[in-house]
Amino acid sequence: MRILVAGVGNVLRCDDAFGVEVARRLAIRELPEGVRVVETGIGGMALVSEIQEGWDALIVIDAMGRDKAPGTILVIEPTIDDVDQLSWSERHDFLSDMHLATPERALMLARALRVLPPTVLMVGCQPVDADSYGQSMSEPVAAAVDVAVGVVLEQLAALGALHPMTT
């Protein structure tokens, strides 16, 4: 099974660095053949480019505001809108963002290009502040990074890429 794990976020915006940091920690681990970890930053086009290589599954790691306690780790199967179902103005807005800076927009484009893997999961963390400029994550989010590494490893095991004992 080929699985892409992609950390997204902006390291200059406090808790928005969460996905990038989790990806960095995963990248230094020994992972099985077929699992690739990348950091795409805030460029959704970089994520779409990576997806085009053909994968069985995609795990996106990001800071996600879901009205939970700061540092809460979530695993969700995202709803990915069909670009063809958007109104003209929504489609215009979608296409005007050339960087497709959010994972949701990048996944919509990957779906439109028919390169989206059949399994897509998001591992997210509830941020304290993902908008202010700064290079330090809040204490709850920084503490959640290693927890998220473990959650990603659990998801890899559930997808059949890791033996559960290696997590």
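All of the points below concern the structure found in this document.

Thresholds applied
- Residues numbered from 1 in each chain as written.
- Predicted model: local features only at pLDDT ≥ 70, side-chain atom pairs only at ≥ 80, totals over all residues.
- Heavy atoms only, no water.
- Buried < 20%, exposed > 50% of the residue type's maximum accessible area, 1.4 Å probe, protein only.
- Helix = DSSP H or I, 4+ residues; strand = E, 2+ residues; numbered from the N terminus.
- Salt bridge = Lys/Arg side-chain N within 4 Å of Asp/Glu carboxyl O.
- Pairing = 2+ DSSP bridges.
- Right-handed = clockwise from strand over helix to strand, strands pointing away.

1. Overview of helix H4 (residues 103-112)
Reasoning step 1: With seven of ten residues buried, H4 lies mostly within the body of the structure.
Reasoning step 2: Buried residues of H4: Pro 103, Arg 105, Ala 106, Leu 107, Met 108, Leu 109 and Ala 110, and no others.
Reasoning step 3: Looking one or two residues past H4, Arg 114 carries a phi angle of roughly 65°, positive in sign.

2. Comments concerning the pattern of salt bridges
Reasoning step 1: Enumeration according to the criterion identifies six salt bridges in this entry.
Reasoning step 2: Linking Arg 25 and Glu 21 is a salt bridge whose minimum nitrogen-to-oxygen distance equals 2.9 Å. One end of the pair, Arg 25, and the other, Glu 21, are both in helix H1 (residues 18-27), four residues apart, so they sit about a helical turn from each other.
Reasoning step 3: Take Arg 25: its relative accessible area is 29%, and that puts it in the partly exposed class.
Reasoning step 4: Among the ionic pairs, Arg 36 bridges to Glu 50, the shortest N-O distance being 2.9 Å. With Arg 36 in strand E2 (residues 35-41) and Glu 50 in helix H2 (residues 44-51), the pair connects residues that are 14 residues apart, well separated along the chain.

3. Notes on the pairing of E2
Reasoning step 1: Of all seven residues that make up E2, five are buried, and the element is covered over most of its length.
Reasoning step 2: Across six bridges, the pairing between strand E1 (residues 3-8) and E2 is parallel. Looking across to E2, one finds that Gly 7 is bridged to Glu 39.
Reasoning step 3: Note that the unit made of E1, H1 and E2 has a crossover that is right-handed.

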